Amino acid sequence: IAVNCVDTLNVKAICGAGIDGIFAAAAGIAQAGTGIWLACDTLQREPIKSLVTLARNIDVKSGLITNAQTGNMGRRMSSLQGFQMKEVEELKKRFATPEEAWMSLGYDL
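Everything numeric in this text was worked out from a predicted model, so none of it was measured.

Student: Just to check I follow, could you spell out the overall build of the chain for this structure?
Tutor: On a plain count of helices and strands, the chain comes out with 5 helices and 0 strands. Traced from its N-terminal end to its C-terminal end, the chain shows the element sequence α-α-α-α-α. Looking at the chain as a whole, 5% of its 109 residues qualify as buried. Surface accessibility of the chain: about 9800 Å² in total, with carbon and sulfur atoms responsible for 63%.

Rendered as structure tokens:
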């Protein structure tokens, strides 16, 4: 197993890095624990629970919050009109596949 690039083995540094990793993992577990506490305890009390449920139901019907976070705002091509659609059709005639179009720009997918 290669631990580092030097010719000598610095056990103190390796041990210190391991201990640092343990503390970093413990901090991550503590942060996750606060999220669990918030979701399972605080957000289950009224009136917050009703507000969260309302927001969830609005998002399920509209996708407003979820789509904004994921960057998926629907099919962009469906809103094209007129000359924009002509440009798309010209691209389709010029390139057989999307990969071929990207290749013309120098990207080998």
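Student: Just to check I follow, could you spell out the side chain of Asp59 for this structure?
Tutor: Mapped onto the elements, Asp59 comes out in helix H2 (residues 48-62). Contacts of Asp59, omitting those with residues within four sequence positions, involve Leu64, Ile65 and Thr66.

Student: Whenever I open this one, the packing of aromatic side chains confuses me. Can you help?
Tutor: The geometry of two aromatic rings is summed up by the distance between their centres and the angle between their planes. Taken as a whole and assessed by the stated rule, the structure comprises 1 aromatic pair. On the basis of an interplanar angle of 80 degrees and a centroid distance of 5.7 Å, the ring pair of Trp102 and Tyr107 is categorised as edge-to-face.

Student: Got a minute to help me understand unusual backbone geometry in this structure?
Tutor: Cis geometry marks the peptide bond from Glu46 to Pro47; its omega dihedral reads 0 degrees. Mapping Pro47 onto the fold places it in the loop between helix H1 (11-40) and H2.

Student: In this structure, what is going on with a nonpolar patch on the surface? I would like to understand it.
Tutor: Taken together, the side chains of Trp102, Leu105, Tyr107 and Leu109 make up a nonpolar region of the molecular surface, amounting to roughly 500 Å² of accessible area. On the secondary structure map, Leu105 appears in the segment after helix H5 (98-104). Judged by its relative accessible area of 59%, Leu105 is exposed.

Student: I'm lost on the pattern of salt bridges in this one. Help?
Tutor: As a working rule, side chains carrying opposite charge can pair if their charged atoms are close by. One pass over the structure, following the stated rule, counts 2 salt bridges. Here Arg45 and Asp41 are joined by a salt bridge, their closest N and O atoms 3.0 Å apart. Assessed through its relative accessible area of 49%, Arg45 is described here as partly exposed. Notably, a salt bridge pairs Lys92 with Glu89, separated by 3.9 Å at the nearest N-O pair.

Student: Honestly, the side chain of Thr42 in this entry has me stumped. Any pointers?
Tutor: With respect to the helices, strands and loops of the structure, Thr42 is situated in the loop between H1 and H2. Dropping the residues within four chain positions of it, Thr42 is found in contact with Trp37 and Ile48.

Rules used throughout
Residues numbered from 1 in each chain as written. Predicted model: local features only at pLDDT ≥ 70, side-chain atom pairs only at ≥ 80, totals over all residues. Heavy atoms only, no water. Helix = DSSP H or I, 4+ residues; strand = E, 2+ residues; numbered from the N terminus. Buried < 20%, exposed > 50% of the residue type's maximum accessible area, 1.4 Å probe, protein only. Areas by Shrake-Rupley, 256 points an atom, 1.4 Å probe, with all protein chains shown as cover. Contact = heavy atoms within 4.5 Å. Phe/Tyr/Trp six-rings, centres within 6.5 Å; stacked < 30°, edge-to-face > 60°. Patch = residues over 30% accessible without salt bridge, like charges linked within 9 Å, V, L, I, M, F, W, Y side chains within 5 Å. Salt bridge = Lys/Arg side-chain N within 4 Å of Asp/Glu carboxyl O.

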